[in-house]
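# Survey of secondary and tertiary structure
One-letter residues, chain by chain:
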Amino acid sequence: MKVLWFAHRDIRHPRAGGAERTIYEVGRRLVKMGVEVNVVSVNPGNLMPFEEIEGVKIHRIRGNVVAHLLVGRMIRRIDPDVIIDDLGHAIPWCSPWFTKKESYRILPSPTCQISSGAGQFNFGTHHILHRTPVSLDLRERALCY
């Protein structure tokens, strides 16, 4: 299985915090289970464009606007089975506009409001919303760490 995780920051970002730590921890645990994990994040300008940390492949794109414009291209390039859009910052990634693949949105808020019909899971201070059926196997891999 191959996962593509869109996030504004990764674990090496100078302003990385709890959300980035969660992405890293979940990602490295999935790698140990045989899942390929690719994180696409915004490069603040002082980090390498590509880096692999404990098996998690981090693709950094310079510039927030450019990173969002390249969502479709990154989906085609990596060809994931599952996509995760981390909504920890103001601008959504909108990956469902570019693919029909299984897609999830993560909202880092314990009290977020969820539109009717959306699935919801809660781990720590994050909610996961999804638009397609979720396999229990993936749910267990991502949430039970």
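Please read all numbers here as calculations on a predicted model, not as lab measurements.

### Details of empty space enclosed by the protein
As enumerated under the stated definition, the model contains two cavities of 30 Å³ or more in all. Of the volumes computed, that of the second largest cavity is approximately 60 Å³. Around the second largest cavity, the lining residues are Arg9, Asp10, Ile11, Glu20, Ile23, Tyr24, Val39, Val56 and Ile58. Among the secondary structure elements, those contributing two or more residues to the lining of the second largest cavity are helix H1 (18-32) and strand E4 (56-62). In terms of residues, the lining of the second largest cavity owes the most to one element, H1, which gives three residues.

### Here we look at the side chain of aspartate 10
As for its placement among the helices and strands, aspartate 10 is situated in the loop between strand E1 (2-6) and H1. Among the polar contacts made by the side chain of aspartate 10, one reaches the main-chain amide nitrogen of arginine 12 at a distance of 2.9 Å. Of note is the side chain of aspartate 10, whose polar atom sits 2.8 Å from the side chain of arginine 60. Not counting the four nearest positions on each side in its chain, aspartate 10 is found in contact with Ala16, Glu20, Ser41, Ile58 and Arg60.

### Focus on the confidence of the model for the protein chain
Mean pLDDT over the protein chain works out to 74, with 70% of the residues at or above the 70 mark. Put simply, strand E7 (residues 119-123) is where the protein chain has its lowest mean pLDDT, 41, and strand E3 (residues 50-53) is where it has its highest, 97. Below a pLDDT of 50 lies the segment residues 109-145, which in the model reaches 77 contacts outside its immediate sequence neighbourhood of four places, other chains included.

### Observations concerning the pattern of salt bridges
Scanning all chains against the criterion turns up eight salt bridges. Here glutamate 51 makes a salt bridge to arginine 12, at a shortest N to O gap of 2.8 Å. Highlighted residues: glutamate 51 in strand E3 and arginine 12 in the loop between E1 and H1, separated in sequence by 39 residues. Judged by its relative accessible area of 44%, arginine 12 is partly exposed. The partner of glutamate 25 in a salt bridge is arginine 28, and the shortest N-O contact between them spans 2.9 Å. Residue glutamate 25 and its partner arginine 28 are both found in helix H1; the two are separated by three residues, about one turn of the helix. A residue is classified by how much of its surface remains accessible, and glutamate 25, at 12% relative accessible area, is buried. Salt bridges sharing partners connect three or more residues here, namely Arg21, Glu25, Arg28, Arg29 and Glu54.

Rules of the game
Within any chain, residue numbers begin from 1 and follow the written order of that chain's sequence. In keeping with the model being predicted, local features are shown solely for residues with a pLDDT of at least 70 and side-chain atom pairs are shown and tallied solely at 80 or more, while totals for entire chains, interfaces and linings include all residues. Based on all heavy atoms of the structure, the side-chain values leave hydrogens and waters out of the count. Both site types are read off a 1 Å grid over the protein atoms alone. A 1.4 Å probe that fits but cannot get out defines a cavity, while an open set with protein on both sides within 12 Å along at least five of seven lines defines a pocket; lining residues have an atom within 4 Å of a point. Grid points are joined across faces, edges and corners, and a volume is the space filled by probe spheres set on the points. A run of H or I in DSSP becomes a helix once it reaches four residues, and a run of E becomes a strand once it reaches two; helices and strands are each numbered from the N terminus. Any pair of N or O atoms that falls within 3.5 Å is considered a polar contact. Within protein, one atom must be able to donate a hydrogen and the other to accept it, and sequence-neighbouring residues count only if both atoms are side-chain atoms. By definition in these notes, contact holds between two residues if any of their heavy atoms fall within 4.5 Å. Per residue, pLDDT captures the predictor's confidence, and it can take any value from 0 to 100. Salt bridge, as applied in this entry: a Lys or Arg side-chain nitrogen positioned within 4 Å of an Asp or Glu carboxyl oxygen. Accessibility here uses a 1.4 Å probe with only protein chains present; expressed as a share of the type maximum, an area under 20% marks a residue as buried, one over 50% as exposed, and anything in between as partly exposed.

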